[in-house]
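# A closer look at the structure
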Amino acid sequence: MDSPGSATLWHPFADMNAVRSSRVTLARAQDVWVWDTKDRRYFDGTAALWYANAGHGRREIIDAVTRQLRQLDAYQIFGSFANEPALRLADELSARAPVDGGKVFLTSGGGDSIDTAAKLARAYFIAVGEPERTVLLHREHSYHGTHGAGTVLAGIPGNRVGGPFIPDVAQVPYDDAGTLDKAIVHYGRERVAAFFLEPVMGAGGVLPPPDGYVQAAAQACRRHGVLLVVDAVICGFGRLGAWFGIERFGVRPDMVVFAKGVTSGYQPLGGVVISERVAAPFWDEPGRIFKHGPTYSGHPAACAAALATIDVLEREELLERSRELEGPLADRLTSLADHPLVSHARAGTGFIGALQLDGGYAARCADLPGRVFAAVRDRGALIRPMISSVAFSPPLTATEEHLDFLVDAVRGGLDDVHRSL
């Protein structure tokens, strides 16, 4: 491992007592590869944190950001201010989103965007004369960031520490749309404002929805007048082979939250695409203001990165490539299901997947996902350790040869851990 280095940097989601002796300091990256400060190369099997969809080191994106910084480095878009990249990006996103008449509210990232959608859902019902509609529903195993709303909307129990920060939030099972319908009735359809849904649950374990679940959940929301908010932060911009992921299920939500892949991580940016119906009170009624907004909303350099990323994804047909690669990724992960440390593989809906680790071994081995991650890293590949599984989401520029390298590293890492138990 690298030398401990700084004794002051606090890492997110990290055991800082352990990090001091195990830090890996990355120095450079190109396409699907990253190198550390000792020039060791790793396959980026997670596209960093689910976001480097177009791969690392893309000159088109870097040059677009550089040009924008030289022209207009930064300026806010509060009130009547705007900039050309923000205006263009909003149009491009609205044109691609599966949202009727979409308006685009830009933020700094996914957590900001979830807070925006939660706040806007309640503000919308106040605007239309139903202020009692405040209840927000989410699924068990859900992950919606770690800001105020995201913390209380967390379906991962450990991520709720420090919350809840807002009231009137309830959880439903992740795989049964009938219980969603019953929950809306239980809390009162006159009180429920919105339901938050990930097309494929990411940090909760890469959990694809059961057949028909998304469509049935959308129908329940429509039936009771509940806003459907799709969290496409992980699933968007090609990860599921579509712009926002939800298109695969034929559903048109009221809001779509996005971030991560919109800039392929080259700049921090997120946002919400909001249906014309939900936006209408704030666009059509004089004096009604949605009093909300992060400082860097519409940052021109971030918007330039997003525009360049969209161009790369489209020009190189990376959305289609994601669809082509989801089968090969699923086949390779399934080939690991016979390993003693593996319970089963989850893959086949997008270029994303996971290995569920064996519960018996997990009970005997503290932090089994972390140990598998470390062993695979030692063999030259980076994967994502989660609660009881390890996840995979390579850049969309990966090839089947890269997947072969990845699966060999994972099998070798699993063998190393198994021998040590």
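So, how was this worked out
- Residues numbered from 1 in each chain as written.
- Predicted model: local features only at pLDDT ≥ 70, side-chain atom pairs only at ≥ 80, totals over all residues.
- Heavy atoms only, no water.
- Phe/Tyr/Trp six-rings, centres within 6.5 Å; stacked < 30°, edge-to-face > 60°.
- Helix = DSSP H or I, 4+ residues; strand = E, 2+ residues; numbered from the N terminus.
- Buried < 20%, exposed > 50% of the residue type's maximum accessible area, 1.4 Å probe, protein only.
- 1 Å grid on protein atoms, 1.4 Å probe; cavity = no way out; pocket = protein on both sides within 12 Å on 5 of 7 lines; lining within 4 Å.
- Points joined across faces, edges and corners; volume = space filled by probe spheres on them.
- Lys, Arg positive; Asp, Glu negative; His and termini not counted.
- Salt bridge = Lys/Arg side-chain N within 4 Å of Asp/Glu carboxyl O.
- Polar contact = N/O pair within 3.5 Å; in protein donor to acceptor, adjacent residues only side chain to side chain.
- Contact = heavy atoms within 4.5 Å.
- Arc of directions from axis to C-beta.
- Axes fitted to C-alpha atoms, helices over the stretch in contact; angles between N-to-C directions.
- Parallel < 35°, antiparallel > 145°, perpendicular 65-115°, else oblique.
- Left-handed = near helix turned anticlockwise from the far one by under 90°.
- Nonpolar A, V, L, I, M, F, W, Y, C, P; charged D, E, K, R; others polar.

## Digging into the packing of aromatic side chains
- By the definition in use, this model includes ten aromatic pairs.
- When the ring of Trp-33 is compared with that of Phe-405, the centres are 5.5 Å apart and the planes differ by 75°; the resulting orientation is edge-to-face. Residue Trp-33 is located in strand 2 (residues 33-36), and its partner Phe-405 is located in helix 14 (residues 400-420); the two are separated by 372 residues in the primary sequence.
- On the basis of relative accessible area, Phe-405 is assigned to the partly exposed category, the value being 31%.
- On the basis of an interplanar angle of 70° and a centroid distance of 5.8 Å, the ring pair of Phe-105 and Phe-290 is categorised as edge-to-face. In this pair, Phe-105 sits in strand 4 (residues 103-107) while Phe-290 sits in the loop between helix 9 (276-284) and helix 10 (300-315), placing the two residues 185 residues apart along the sequence.

## Brief notes about the layout of surface pockets
- In this model, the second largest pocket occupies a volume close to 840 Å³.
- Ile-77, Gly-79, Val-104, Phe-105 and Trp-283 are the residues nearest the centre of the second largest pocket, which is lined by 27 residues in total.
- Among the secondary structure elements, those contributing two or more residues to the lining of the second largest pocket are helix 4 (84-96), strand 4 and helix 9.
- The element contributing the most residues to the lining of the second largest pocket is helix 4, with five residues.

## Remarks on unusual backbone geometry
- The phi dihedral of His-141 is positive, around 75°, even though this residue is not glycine.
- Along the chain, His-141 turns up in the loop between strand 5 (135-139) and helix 6 (148-152).

## Quick look at the side chain of Arg-346
- Along the chain, the position of Arg-346 falls in strand 11 (residues 342-348).
- Although Arg-346 lies buried, it forms no salt bridge, and the closest oppositely charged side chain, Asp-175, sits 11 Å away as judged by the N-O distance.
- Engagement of the side chain of Arg-346 in a polar contact is seen with the backbone oxygen of Val-206, the distance being 3.1 Å.
- If near-sequence neighbours (up to four positions away) are discounted, Arg-346 is found in contact with Gly-205, Val-206, Leu-207, Pro-208, Leu-333, Ile-352, Gly-353, Ala-354, Gln-356 and Ser-389.

## Comments concerning helix 9
- Taken together, the buried positions of helix 9 are Val-278, Ala-279, Pro-281 and Phe-282. Projection of helix 9 onto a plane perpendicular to its axis shows the buried side chains occupying an angular sector of 145°, all on one side. With respect to the buried face of helix 9, the exposed residues turned more than 90 degrees away are Trp-283 and Asp-284.
- Along its buried surface, helix 9 packs onto strand 4, helix 5 (110-127), strand 8 (227-231) and strand 10 (270-274).

## Observations regarding the packing of helix 3 (residues 59-71) against helix 10
- It is the contact of helix 3 with helix 10, at a shortest axis distance of 8 Å, that shows an interaxial angle of 155°. As judged from the angle between their axes, helix 3 and helix 10 are roughly antiparallel. Every pair of crossing elements has a handedness; the one defined by helix 3 and helix 10 is right-handed. Contact with helix 3, carried on its side by Glu-60, Ile-61, Ala-64, Val-65, Gln-68 and Leu-69, involves Pro-300, Ala-301, Ala-304, Ala-305, Ala-308, Thr-309, Val-312 and Arg-315 of helix 10 and no other residues of that element.
- Taken together, the residues that form the contact of helix 3 with helix 10 break down as ten nonpolar, two polar and two charged.

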